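Read off the chains here:
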Amino acid sequence: MSVNITFLGGTGTVTGSKYLVQHDGKKLLVDCGLFQGYKQLRLRNWNPMPVTPTDIDAVILTHAHLDHSGYVPLLYRQGYRGQIHATPATCDLCAILLPDSGHIQEEDAAFLNRHGYTKHDPAMPLYGKHDALLSLQLLKPERETKTFSPIPGWKATFTTAGHILGAASVLIEVAGRRILFSGDLGRPDDMIMNPPAPPPDADTVLIESTYGNREHPHENIMAELAPALKRVAARGGVAVVPVFAVGRAQALLHAIALMKERGEIPHGLPIFLDSPMAVHTTDLFQRHPDAHRLDTDALKGLKHVATMIESTEESKALSKRHGPMVILAASGMATGGRVLHHLAHYLPDHRNMVILTGYQAPGTRGATIASGGALLRMHGQDVAVHAEVVQLQSSSAHADATQLIGWLGQMKNKPDQVYVVHGEPEASDALRQRIERDLNWRAIVPEHGSTWPT
Ligand SMILES: [Zn+2]
């Protein structure tokens, strides 16, 4: 009996990751992500899944980012009550991210209804905070490198992927087939995360390709950040930094702490971390000391370099403060969260600056800013972009093309097939070509909804 995979998301896009592995009537879902970015992608979240959620036997999450975990509350709402296996740090992060995701969707729907910006009457959230809280009961922590059995007769093992706290690759073993999911891979030289573990041998590999057509510059994040922060401080401006609450927020705080210590930026430059989620994530670094590179002193630096903003009132009060200052706020691609009101307030003034810190998926406000868009649509209004735009090239939490090839190249035996996933079409195809050329392996970019053998 064959083992096959259906690609339910994360193909032709970096969002919505969902891979259904089927064998002998059993179904395992690897990752359970939300589609984000372009409206036609986001609308897919509302379509029924091609598989009945109650027919799925088990779910495994590679990490907590919403494009890999954000569909979990919806799966719960549709009746799924099986286990959701993830590393301990991923479980902890989901407990922060998923309820927040539900809360944001409720707020967005309420905003649309209040201001009449909707063709739907009334606008509904995809799911709410309550659904998210209930779905957390299904999470089952599994330690890295310790094999577990998600379905009788199936085996699964997590290994470190770097990327963010708790991120893992996962090897599935069923019916004599070994299927490796890379998950999102970090960089071997990341400032705060551990390097990805070498991949175990497998018959089939699914490899991410976010940066499948790009190389990171060699200089580090501080070399890019220091001149920008000095510039904005000198003109008394405000730097708004949309951050991924989980991952890049901590990398930036660490870099800022080091630069202040070394005198590379003004010691008195006020820094605000305006994201309760990012604040809680920073605490999780203390709880999972083996899951990252930071020692006790560095962790202390993270906590003290910025003023932590928790309440909405404090967040709004920030807008009354004068520069210079730096505000880090979620979300990283400006798709939602508190960063929106900071952008609306500070973007129209040329003394200010917006610093983009990582991958900006097409269709997001972050991508519009990155491409030099003069107007940004927010909450039904156009905001003029006069602030200086700085895009950090070296702050990505993803491996670049050469690092992805380097990771695959550590496999001792050639896999039967490689499926290139989790990338924009050009990035996935560029990585496919490099795999065929550099490693001489067969590689395929599967289409959304297609089913392939393992
Ligand atoms: Zn990720």
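Placed above this text is the structure.
Residues numbered from 1 in each chain as written. Predicted model: local features only at pLDDT ≥ 70, side-chain atom pairs only at ≥ 80, totals over all residues. Heavy atoms only, no water.

Colleague: How should the coordination of the zinc ion be read in this particular structure?
Modeller: The reference angle at a metal is 109.5 degrees if four donors form a tetrahedron and 90 or 180 degrees if six donors form an octahedron. The protein atoms that coordinate the zinc ion are His63 (NE2), His65 (ND1), His163 (NE2) and Asp184 (OD), at distances spanning 2.2 to 2.4 Å. Angles of 90 to 168° at the metal separate the four donor atoms of the zinc ion, which places the site in the irregular class. Written as a sequence motif, the donor residues of the zinc ion are H-x1-H-x97-H-x20-D. In this pair, His63 is assigned in the loop between strand S4 (58-60) and helix H2 (66-69) and Asp184 in the loop between strand S9 (177-181) and strand S10 (204-208), connecting sequence segments 121 residues apart. No difference in accessibility class separates His63 from Asp184, as the two residues are buried. (Donors = N, O, S within 2.8 Å, 3.2 Å for Na, K, Ca; no water. Tetrahedral: all angles 85-135°; square planar, octahedral: opposite > 155°, others 65-115°. Helix = DSSP H or I, 4+ residues; strand = E, 2+ residues; numbered from the N terminus. Buried < 20%, exposed > 50% of the residue type's maximum accessible area, 1.4 Å probe, protein only.)

Colleague: Just checking my understanding: could you explain the environment of Tyr211 for this structure?
Modeller: Among the structural elements, Tyr211 can be located in the loop between S10 and helix H6 (221-234). For the pair Tyr211 and Asp382, spaced 171 residues apart in sequence, the C-alpha separation works out to 31 Å. The residues contacting Tyr211, other than those within four sequence positions of it, are His216, Gly358, Tyr359, Ser396, His398, Ala399, Asp400 and Ala401. (Contact = heavy atoms within 4.5 Å.)

Colleague: Is there a simple way to explain the sheet that holds strand S14 (residues 325-329) in this structure?
Modeller: In any sheet, the strands associate via hydrogen bonds between backbone groups, in a parallel or an antiparallel arrangement. Strand order in the open sheet made by the six strands is S13-S12-S14-S11-S15-S18, with parallel pairing throughout. Among the strands making up the open sheet, the edge pair consists of strand S13 (307-308) and strand S18 (388-391). Where strand S12 (residues 271-273) meets S13, two bridges bridge the pair, whose relative direction is parallel. For Phe272, the partnering residue across the bridge sits in S13 and is Thr307. Against the sheet, H6 engages strand S11 (238-242), S14, strand S15 (353-356) and S18, with an angle of about 165° to S15. Taken strand by strand, helix H11 (residues 339-346) contacts S11, S14 and S15, and its axis lies near 145° from that of S11. (Pairing = 2+ DSSP bridges. Axes fitted to C-alpha atoms, helices over the stretch in contact; angles between N-to-C directions.)

Colleague: What's the story with the pairing of S11 in this structure? I'm lost.
Modeller: One face of the sheet, then the other: side chains in a regular strand alternate in exactly this way. Counting buried residues in S11 gives five out of five residues, a clear majority hidden from the surface. The alternating pattern of S11 places Val238, Val240 and Pro242 and Ala239 and Val241 on opposite faces, both of which are buried. Where S11 and S15 come together, two bridges link them in parallel fashion. From the neighbouring strand, Ala239 faces S15, where its bridge partner is Met353.

Colleague: Whenever I open this one, the packing of aromatic side chains confuses me. Can you help?
Modeller: We describe a pair of aromatic rings using the distance from one ring centre to the other and the angle between the two ring planes. A full pass over the atoms with the stated rule returns six aromatic pairs. Seen in terms of ring centroids, Tyr19 and Phe181 are 6.1 Å apart; in terms of plane orientation they differ by 35°. Their pairing is tilted. Pair noted here: Tyr19 is in strand S2 (residues 18-23) and Phe181 is in strand S9, with a separation of 162 residues, a long-range link. Exposure class is identical for Tyr19 and Phe181. Each is buried. A centroid spacing of 5.9 Å and a plane angle of 55° characterise the contact between Tyr419 and Trp452, whose relative ring orientation is tilted. Of this pair, Tyr419 sits in strand S19 (residues 417-421) while Trp452 sits in strand S21 (residues 451-453), and the two are 33 residues apart along the sequence. (Phe/Tyr/Trp six-rings, centres within 6.5 Å; stacked < 30°, edge-to-face > 60°.)

Colleague: Mind showing me how you'd approach a nonpolar patch on the surface here?
Modeller: A cluster of nonpolar residues, Leu43, Trp46 and Met124, forms a patch on the protein surface that exposes about 350 Å² of accessible area. Within the secondary structure layout, Trp46 lies in the loop between helix H1 (39-42) and S4. (Patch = residues over 30% accessible without salt bridge, like charges linked within 9 Å, V, L, I, M, F, W, Y side chains within 5 Å. Areas by Shrake-Rupley, 256 points an atom, 1.4 Å probe, with all protein chains shown as cover. Salt bridge = Lys/Arg side-chain N within 4 Å of Asp/Glu carboxyl O.)

Colleague: Help me understand the environment of Arg81 in this model?
Modeller: Structurally, the position occupied by Arg81 is in the loop between helix H3 (72-77) and strand S5 (84-86). On the basis of relative accessible area, Arg81 is assigned to the partly exposed category, the value being 48%. Distance in space between the C-alpha atoms of Arg81 and Leu343 is 40 Å, their sequence separation being 262 residues. With residues up to four places along the chain from it excluded, the contact list for Arg81 reads Tyr76 and Leu138. At 2.7 Å, the side chain of Arg81 forms a polar contact with the backbone oxygen of Tyr76. (Polar contact = N/O pair within 3.5 Å; in protein donor to acceptor, adjacent residues only side chain to side chain.)

That is the geometry; function is a separate question.
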